[in-house]
Amino acid sequence: MTASSAATSASSSSSTSTTTITTTMMPDESECLKKEEERFKSPDPAPTLDEEVDIATLPSMLEDDPNGNVVECDLGFKGPRWGPQHAGAMKLASMYSKEKRLQEEVSLIFAIFFFITVFVNLLVSWETSIWKSVVFYAVLGVMTADFLSGLVHWGADTFGSVETWFGRSFIRPFREHHVDPTAITRHDFVEVNGDNFMLCIVPLGLILYQQLTYERAELTQWASFHWYILLLGIYVALTNQIHKWSHTYFGLSKWVVFLQKAHIILPRSHHKIHHISPHACYYCITTGWLNWPLEYIGFWRKLEWVVTAATGMQPREDDLKWATKLN
């Protein structure tokens, strides 16, 4: 056999081998992606509290590898399912614009100004007779913030598309977070917290207007409610920072770790349950106190049914598109 014919034979053999590998791998990928789609469309019930204790048995993020970038991914073939190298994650990260950054910076400036001004005015007009109601409203504020964090989180996770202006600005981070859960740990304070601070501007602005225009007697009547809105605003503003800490496995302050272990803020092991595909449970991310009762009554599935019946939108369609994006 000549060198030329040997090379041709080797080339033909290599081509045949490549074709064989391709044809054997592609059905696997197709089958695994089909299974992933089934998980997104028909989520399993949320784990019970007993299951939460043994978090290592759940198919979620590993503590030593929070993005789950193991060699053989859950999808059944080699390649990063989660993490910064995921095709969907890279595309979503590239959509963070200068305009979005400017909006977050402006939101932080205005919100911090309102927080400080309202707080100082409340201290100046403080009356000891309202301290019990302030304590009550502080607890109520935590509960309200936890529920609102779940409601916003559920809505942005479940419906909407990144293809719209609103989606690119406000839904994009939720899509990125599911395919690269620890991306949030690489974001700075502005990117992590800008949108949450923005939500506080209008209610705090209304309180400041009342403080500047109402008589002292009227302000005394409104004082407890103003404390409630201020404390609620603080919890809302810090929710995504707390969320970031729940994904931070190294270098956390001892105080933050203590608060997590005491379940005063969202614990890391608790939030890992949300990151079990299809990310359809345990949405509350301020303290997580309301997650189990809301799952127990099937609150989110019922709400999804209402939205689908009213609009025809299907839960998690856009999220599935990014989770299964391979290139």
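Residues numbered from 1 in each chain as written. Predicted model: local features only at pLDDT ≥ 70, side-chain atom pairs only at ≥ 80, totals over all residues. Heavy atoms only, no water.

For the chain, the name recorded in an unreviewed UniProt entry is Lipid desaturase domain-containing protein, with Caenorhabditis remanei as its organism. Regarding the chain, the relevant UniProt record gives this comment under Subcellular location (unreviewed entry): "Membrane". Its UniProt record gives the chain a comment under Sequence similarities (unreviewed entry), which states: "Belongs to the fatty acid desaturase CarF family." (UniProt positions renumbered as here; feature names shortened; annotations may be inferred.)

A separate point is the packing of aromatic side chains. Per the counting criterion, the structure on display carries 18 aromatic pairs. Their ring planes at 55° and their centres at 5.6 Å tell us that Phe113 and Phe114 sit as a pair that is tilted. Relative accessible area serves as the criterion here: at 14%, Phe114 is assigned to the buried category. Ring pairing ties together the aromatic residues Phe147, Trp154, Phe159, Tyr283, Phe299 and Trp300, which thus form one cluster. (Phe/Tyr/Trp six-rings, centres within 6.5 Å; stacked < 30°, edge-to-face > 60°. Buried < 20%, exposed > 50% of the residue type's maximum accessible area, 1.4 Å probe, protein only.)

This part is about the UniProt feature "transmembrane region" (unreviewed entry) in the chain. Here the UniProt-annotated "transmembrane region" (unreviewed entry) positions come out as residues 106–124, 130–152, 196–213 and 219–238. Between the C-alpha atoms that bound residues 106–124 there is a distance of 27 Å. The span itself is 100% helix and 0% strand. Along residues 130–152, the helical share is 96% and the strand share 0%, with 31 Å between the first and last C-alpha atoms. (Helix = DSSP H or I, 4+ residues; strand = E, 2+ residues; numbered from the N terminus.)

Okay, a nonpolar patch on the surface next. Nonpolar side chains collect at one region of the surface, where Ile112, Ile116, Phe119, Val120, Leu123 and Val124 lie side by side and expose about 540 Å² of accessible area between them. Summarising the element assignment, Val120 is placed in helix 4 (residues 98–124). (Patch = residues over 30% accessible without salt bridge, like charges linked within 9 Å, V, L, I, M, F, W, Y side chains within 5 Å. Areas by Shrake-Rupley, 256 points an atom, 1.4 Å probe, with all protein chains shown as cover. Salt bridge = Lys/Arg side-chain N within 4 Å of Asp/Glu carboxyl O.)

On to the side chain of Ser107, then. By secondary structure assignment, the location of Ser107 is in helix 4. On the accessibility criterion, Ser107 (4% relative accessible area) is buried. Among residues more than four places away in sequence, those in contact with Ser107 are Gly194, Phe197, Met198 and Ile201. (Contact = heavy atoms within 4.5 Å.)

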